Amino acid sequence: MKDFLQRRSFLKATALLGSALGIPLTSKAKDTVEAQIESTTYIPKAVGKSVIGLKVAPIQQVRVAIIGVGNRGNGHMKLVHGCGEKAKIVAIADIREKYANRAKEWLDSKGIKDVTYYSGKEDAWKEMVRRDDIDLVIVATPWEDHVPMAVYAMQQGKHAAVEVPAAYTLEDCWKLVNTAEQTQRNCMMMENVCYGDEELMLLNMAHQGVFGTLTYAECGYIHDLRESLLSEDTYYNMWRIKHNETRDGNLYPMHGLGPVSQYLNIDRGDRFNHLVSMSSLEASLSEDSSTLAKPGNPYYGKKGFKHGDMNNTLIKTHLGRTILIQHDVVTARPYNRINMLAGTKAFHVGYPSRISIKGQDSHNYLKEAEYKEVKDKYTHPIWNKMKEEIAKNGGHGGMDFVMMYRMIDCFNRGVPLDMDVYDAASWSAVTPLSALSIKGNSASVKFPDFTRGRWKEPRQLGMLASV
């Protein structure tokens, strides 16, 4: 009887997993929100060994290929070039010939002639990735392409660096994890905000005990994108607004959540346990579709977008800390990532950056001179060491260049990357789990353990170990 019940539980879990991940099933249970919520913690069988702390032989000059050079990819190309002899661009692919040509013109102007360009065909990028003279593939394409491209790159023996979000379904999160483990290749989500000056300062402070025992954090992505979303020119085939049209949840948690996760040692001694999520009504895009979109635009006059104007998602960690994540890309609220961190000895909130420290008039934030003393003491060494290069190469105040430099430098030295595939999966999983919570009337939804238990092992972040 016991064996029968165990087998029944296993079969049920397998069926429920398929439901949550979008795998076709015949079970009637696949349509119930409860069944999908129950399935989220199921862990598929490993097909390789863990890539925690993955090291590869030092690569003196990293040979880089980039897929997508329209928006972010065009910037990444310039940042790779800014790394000097540490890296070399060998190939570029973009389905739009005009952007491939634009990249060629820029590289030609810098005297970089030995680059091969691929465009015009849907699968031109595959031809590029199959080359044997590539170490790293950077993926900067629409969200739905991230996983297929990163997986294919790893299967071809390349390391993958993926724009945010790395994935937006649990099935795809697991595909990234399993492929990285099977191929023993790096898959890093390019979360540039983890390399911001303010964020790295807080990381130093948190890990040096300035905040005491960390208890909660708030973060978010508040960025009015209405004009871009409704433009026919900003995003290829208007791919981004289609997500707002068909999905509800926190579509873009990583910019705020990435740094907070590092402050809290997520998957390095603590982990996300469960979340609840809710969205407000949708109004802004419906009202603005007749003014910001022009007649002939497929979204002109469109009503009834699925994504609410504001999403609030609350995470509880294994150690009992809480994280509030906000997502709002359609209101007039000024840009904000919040970047709030609270502990028993100190408190910080961003935009603008303010700190309150226990014993130093904690009813008020530090005065300007006091704040400067703290910043001077805890500014990350890389910002002092590379001040001129950061100013020269830029990218969101310099964070983009620091991110690119660090990734390339880690390959040069043969040390683990600052972020791994488990970070990419855990942070990205917020999107499908928040959507599931909303479907369940803000039900509590548990996180899968992408590390398969190894989150319990304390390990130091690369940015804290070396420069």
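About the criteria used
Residues numbered from 1 in each chain as written. Predicted model: local features only at pLDDT ≥ 70, side-chain atom pairs only at ≥ 80, totals over all residues. Heavy atoms only, no water. Pairing = 2+ DSSP bridges. Helix = DSSP H or I, 4+ residues; strand = E, 2+ residues; numbered from the N terminus. Contact = heavy atoms within 4.5 Å. Axes fitted to C-alpha atoms, helices over the stretch in contact; angles between N-to-C directions. Phe/Tyr/Trp six-rings, centres within 6.5 Å; stacked < 30°, edge-to-face > 60°. Buried < 20%, exposed > 50% of the residue type's maximum accessible area, 1.4 Å probe, protein only. Lys NZ or Arg CZ within 6 Å of the ring centre and 35° of its normal. Polar contact = N/O pair within 3.5 Å; in protein donor to acceptor, adjacent residues only side chain to side chain. pLDDT = per-residue confidence, 0-100. Salt bridge = Lys/Arg side-chain N within 4 Å of Asp/Glu carboxyl O. Expected span 1.5 Å × (residues − 1). Arc of directions from axis to C-beta. Patch = residues over 30% accessible without salt bridge, like charges linked within 9 Å, V, L, I, M, F, W, Y side chains within 5 Å. Areas by Shrake-Rupley, 256 points an atom, 1.4 Å probe, with all protein chains shown as cover. Lys, Arg positive; Asp, Glu negative; His and termini not counted. Charge placed at Lys NZ, Arg CZ, Asp CG, Glu CD.

(A) The sheet that holds strand β7 (residues 214–222), seen in detail. In spatial order, the strands read β13-β12-β11-β7-β10-β9-β8-β14; together these eight strands make up an open sheet with mixed pairing. Of all the strands in the sheet, just β13 (354–357) and β14 (445–446) have a single pairing partner and so form its edges. Contacts between helix α18 (residues 430–439) and the sheet are confined to β8 (272–279), β9 (311–317), β10 (322–328) and β14, with β8 contributing the most and set at about 55° to the helix.

(B) Geometry of the sheet that holds strand β6 (residues 187–189). As summarised here, the arrangement of the six strands in space is β3-β2-β1-β4-β5-β6, forming an open sheet in which the pairing is parallel. This sheet does not close on itself; its edge strands, each paired only once, are β3 (116–118) and β6. Ignoring strand direction, the axes of neighbouring strands in this sheet form an average angle of 25°. Bridging between strand β2 (residues 87–93) and β3 involves three bridges; their strand directions are parallel.

(C) Fine view of the pairing of β7. The pairing of β7 with strand β11 (residues 340–343) spans four bridges and is classified as antiparallel. Each bridged residue has a counterpart across the sheet, and for Glu218 the counterpart in β11 is Met340.

(D) A look at the packing of aromatic side chains. Taken as a whole, this structure holds 11 aromatic pairs when the rule is applied. Both rings, one in Trp143 and one in Tyr252, keep their centres 5.7 Å apart while their planes meet at 20°; by these two values the pair is stacked. Here the residue Trp143 occupies a position in helix α6 (residues 143–155), and Tyr252 occupies one in the loop between α10 (239–246) and α11 (254–263), the gap between them amounting to 109 residues. Each of the two residues, Trp143 as well as Tyr252, counts as buried. Connected via pairs of aromatic rings, a cluster forms that spans Trp143, Tyr221, Tyr235, Trp239, Tyr252, Tyr335 and Tyr351. Taking NZ or CZ as reference, Lys126 lies 5.2 Å from the ring centre of Tyr152, over its face. A cation over a ring is seen here: Arg240 above Tyr252, with NZ or CZ 4.8 Å from the ring centre.

(E) How the structure looks around the side chain of Glu199. Considering the arrangement of structural elements, one finds Glu199 in helix α8 (residues 197–207). Only 3.1 Å separates the side chain of Glu199 from the side chain of Arg337, close enough to count as a polar contact. Apart from the residues within four sequence positions on either side, Glu199 is in contact with Val193, Cys194, Pro259, Tyr263, Arg337 and Asn339.

(F) Fine view of the confidence of the model for the chain. Here the chain averages 93 in pLDDT, while 93% of its residues score no lower than 70. Segment residues 1–29: pLDDT under 50, and 23 contacts once partners within four positions in sequence are set aside and those in other chains are kept.

(G) Region of the structure containing the pattern of salt bridges. A complete count under the given rule lists 24 salt bridges for this structure. Between Arg72 and Glu163 there is a salt bridge, with its nearest N and O atoms 3.1 Å apart. Of this pair, Arg72 sits in helix α3 (residues 72–82) while Glu163 is found in the loop between β5 (159–162) and α7 (170–183), placing the two residues 91 residues apart along the sequence. Residue Glu163 is classed as buried on the basis of its relative accessible area of 6%. A salt bridge links Asp270 to Arg321, with the shortest nitrogen-to-oxygen separation between them at 2.9 Å. Within this pair, whereas Asp270 is found in the loop between α11 and β8, its partner Arg321 is found in the loop between β9 and β10, the two being separated by 51 residues in sequence. In this pair, the class of Asp270 matches that of Arg321, namely buried. Connected via shared salt-bridge partners are Arg268, Asp420, Asp423 and Arg459.

(H) Examining the pairing of strand β4 (residues 136–139) more closely. Neither face of β4 is left uncovered, since the one carrying Leu136 and Ile138 and the one carrying Val137 and Val139 both have all their residues buried. Relative to β4, strand β1 (residues 62–67) runs parallel, the two being bridged by four bridges. By the bridge assignment for β4, Ala65 is matched with Val137. Where β4 meets β5, four bridges bridge the pair, whose relative direction is parallel.

(I) Up close: helix α4 (residues 97–109). Taking 1.5 Å per residue, 13 residues should reach 18 Å; α4 reaches 18 Å between its end C-alpha atoms and fits that length. Buried residues of α4: Tyr99, Ala100, Ala103 and Leu107, and no others. End-on, the buried residues of α4 take up no more than an arc of 105°, which puts them together on one face. Exposed positions of α4 whose direction lies more than 90 degrees from the buried face are Glu97, Lys98, Glu105 and Ser109. The secondary structure elements touched by the buried residues of α4 are α3, β2 and β3. One or two positions beyond α4, positive phi appears at Gly111, with a value near 80°.

(J) Representation of unusual backbone geometry within the structure. The omega torsion across Val164 and Pro165 is -10°, close enough to zero to call that bond cis. Looking at the secondary structure, you find Pro165 in the loop between β5 and α7. Omega for the peptide link from Tyr351 to Pro352 comes to -5°, which places this bond in the cis form. Position of Pro352 relative to the elements: it lies in the loop between β12 (346–349) and β13. Even without being glycine, Asn441 reaches a positive phi, approximately 60°.

(K) Just the environment of Glu122, in detail. Mapped onto the elements, Glu122 comes out in the loop between β3 and α5 (124–129). Glu122 sits in the exposed class, given a relative accessible area of 64%. It is 6.2 Å that separates the C-alpha atoms of Glu122 and Ile95, two residues lying 27 residues apart in sequence.

(L) Molecular detail of the environment of Ser356. Position of Ser356 among the secondary structure elements: in strand β13. Residue classification places Ser356 among the buried positions, given a relative accessible area of 8%. Residues Ser356 and Ala346 lie 10 residues apart in sequence; the distance between their C-alpha atoms is 5.6 Å.

(M) Focus on a positive patch on the surface. Residues Lys78, Lys98, Arg102, Lys110 and Lys392 make up a contiguous surface patch of positive charge. Tracing the chain through its elements places Lys392 in helix α15 (residues 387–393).

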